[in-house]
Amino acid sequence: MPEMAGRLYAIVGPSGVGKDTLMRAAARRLPGLRLVRRVITRSAEAGGEDFESTSEADFARRLARGDFILHWQAHGLSYGIPADVLDFLEAGRPALFNGSRAMLAEAKAQFPALEAIHVTARPEILAARLAARGRESAEEIAARLARAKIGLPPGIKAIEIDNSGPLETAVEALVAALQPESAKRSMR
Ligand SMILES: Nc1ncnc2c1ncn2[C@@H]1O[C@H](COP(=O)(O)OP(=O)(O)O)[C@@H](O)[C@H]1O
Ligand SMILES: O=P(O)(O)OC[C@H]1O[C@H](OP(=O)(O)OP(=O)(O)O)[C@H](O)[C@@H]1O
């Protein structure tokens, strides 16, 4: 297994770009990598990623209690990163979460060593992938495609990965980015 430090990584990018698919593929290649299971106010039946479904009221209670190290809202949903991820980082294990571009500045302010990995793909590819995924309604897909253009906040550095082509190409780039030495090289 490649050597990895207890570093926190956020994979970000527009809806349908392949973040969850890439995360799962990277975890198969890097058994020491912890994928963060997010708490989301989305129905448990929605499928897709492995997440913990909760109500807005429960989310608010847990947030007030300090259960989340990071949290944000998008697509009419609330998302939380459970504080237990700190145990993995303290134990020297790297952790990767599916993050939001819009909250990267705040996340980096809180975790200066956070590495952002920005995945992109051409707009027509995003549209086709969202339609094929089938998790959202046509209206929700249109809203996600409109948000696809926001890009990274100004001044935020990230490792860039293009997932317009074969999945394997992007998986290899992600696995390289998750190994500290190659991550540093591509950040220069
Ligand atoms: N390189 C790729 N080529 C073809 N299909 C892909 C590729 N990457 C992801 N997909 C597919 O695109 C859809 C959206 O991927 P997903 O991982 O759910 O994206 P995100 O988490 O970024 O919204 C899924 O159906 C996935 O299987
Ligand atoms: O600020 P943005 O970069 O636009 O991100 C907003 C949200 O979109 C994604 O959510 P989610 O995984 O629920 O949706 P997706 O699978 O369609 O990307 C991402 O994980 C963020 O939670």
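The name an unreviewed UniProt entry assigns to the chain is Ribose 1,5-bisphosphate phosphokinase PhnN, from the organism Oceanicella actignis. Database annotation for the chain, UniProt heading Catalytic activity (unreviewed entry): "alpha-D-ribose 1,5-bisphosphate + ATP = 5-phospho-alpha-D-ribose 1-diphosphate + ADP". Under Function (unreviewed entry), UniProt gives the following word-for-word description of the chain: "Catalyzes the phosphorylation of ribose 1,5-bisphosphate to 5-phospho-D-ribosyl alpha-1-diphosphate (PRPP)."

On to the overall build of the chain, then. Helices and strands together make up the secondary structure of the chain, namely 8 helices and 9 strands. For the chain, the C-alpha radius of gyration of 16 Å lies close to 16 Å, the compact-globule estimate for 188 residues. Considered along the principal axes of its C-alpha atoms, the chain spans approximately 40 × 40 × 30 Å. Taking all 188 residues of the chain together, the buried fraction comes to 49%. Partitioning the intrachain contacts of the chain with sequence separation of at least 6 by distance along the chain shows that 69% fall at a separation of at least 24.

Overall, parallel pairing links the 5 strands, which are arranged 2-7-1-8-9 in an open sheet. With one partner strand each, in any of the chains shown, strand 2 (34-35) and strand 9 (159-162) form the two edges of the open sheet. Where strand 1 (residues 8-12) lies against strand 7 (residues 95-98), 4 bridges are found, and the strand directions are parallel. The residue bridging I11 from the neighbouring strand is N98, located in strand 7. On the sheet, helix 1 (residues 19-29) packs against strand 1, strand 2, strand 7 and strand 8 (115-120) and is oriented at approximately 165° with respect to strand 7. Against the sheet, helix 7 (residues 167-177) contacts strand 1, strand 8 and strand 9, and its axis sits at roughly 165° relative to strand 9.

Now for the nonpolar core. In this structure, L8, L70, W72, I81, F97 and L114 are the most contacted members of the largest nonpolar core, which totals 25 residues. At the level of elements, strand 1, strand 5 (68-74), strand 6 (77-82), helix 3 (85-90), strand 7 and helix 4 (104-110) are the ones that each hand at least two residues to this core. In terms of residue count, the dominant contributor to this core is strand 5 (4 residues). What I81 contacts, discounting residues up to four positions off in sequence, is V36, R38, D67, F68, I69, L70, W72 and F97. Core analysis: the next-biggest nonpolar cluster, separate from the first, contains 24 residues, L30, I125, I159 and L174 among them.

Moving on, we come to helix 7. Along helix 7, the residues that are buried comprise A170, V171, L174, V175 and A177. Taken around the axis of helix 7, the buried residues stretch over an arc of 160°, which confines them to a single face.

A few words now on the site of ligand 2. Neighbouring residues of ligand 2: 19 residues in total, closest S15, R42, Y79, N98 and R147. For ligand 2, an oxygen atom lies 2.7 Å from a polar atom in the backbone of R101. Relative to its unbound accessible area of 500 Å², ligand 2 is 98% covered by the protein chains. Those elements that place two or more of their residues in the shell around ligand 2 are strand 5 and helix 6 (138-147). A per-class count over the shell around ligand 2 returns 5 nonpolar, 5 polar and 9 charged.

Taken together, 14 residues surround ligand 1, and among them G16, K19, T21, R133 and N163 come closest. Residue K19 places a main-chain N or O atom 2.8 Å away from an oxygen atom belonging to ligand 1. One of the backbone nitrogen or oxygen atoms of L167 is found 3.3 Å away from a nitrogen atom of ligand 1. Against a free-state accessible area of 570 Å², the protein chains account for coverage of 75% of ligand 1. Those elements giving two or more residues to the shell around ligand 1 turn out to be helix 1 and helix 5 (123-133).

Cut-off values and rules
Residues numbered from 1 in each chain as written. Chains lettered and ligands numbered in written order. Predicted model: local features only at pLDDT ≥ 70, side-chain atom pairs only at ≥ 80, totals over all residues. Heavy atoms only, no water. UniProt positions renumbered as here; feature names shortened; annotations may be inferred. Helix = DSSP H or I, 4+ residues; strand = E, 2+ residues; numbered from the N terminus. Rg over C-alpha atoms; globule rule 2.2 N^0.38 Å. Buried < 20%, exposed > 50% of the residue type's maximum accessible area, 1.4 Å probe, protein only. Contact = heavy atoms within 4.5 Å. Pairing = 2+ DSSP bridges. Axes fitted to C-alpha atoms, helices over the stretch in contact; angles between N-to-C directions. Core = buried A, V, L, I, M, F, W, Y, C linked by side-chain atoms within 4.5 Å. Arc of directions from axis to C-beta. Near = heavy atom within 4 Å. Polar contact = N/O pair within 3.5 Å; in protein donor to acceptor, adjacent residues only side chain to side chain. Areas by Shrake-Rupley, 256 points an atom, 1.4 Å probe, with all protein chains shown as cover. Nonpolar A, V, L, I, M, F, W, Y, C, P; charged D, E, K, R; others polar.

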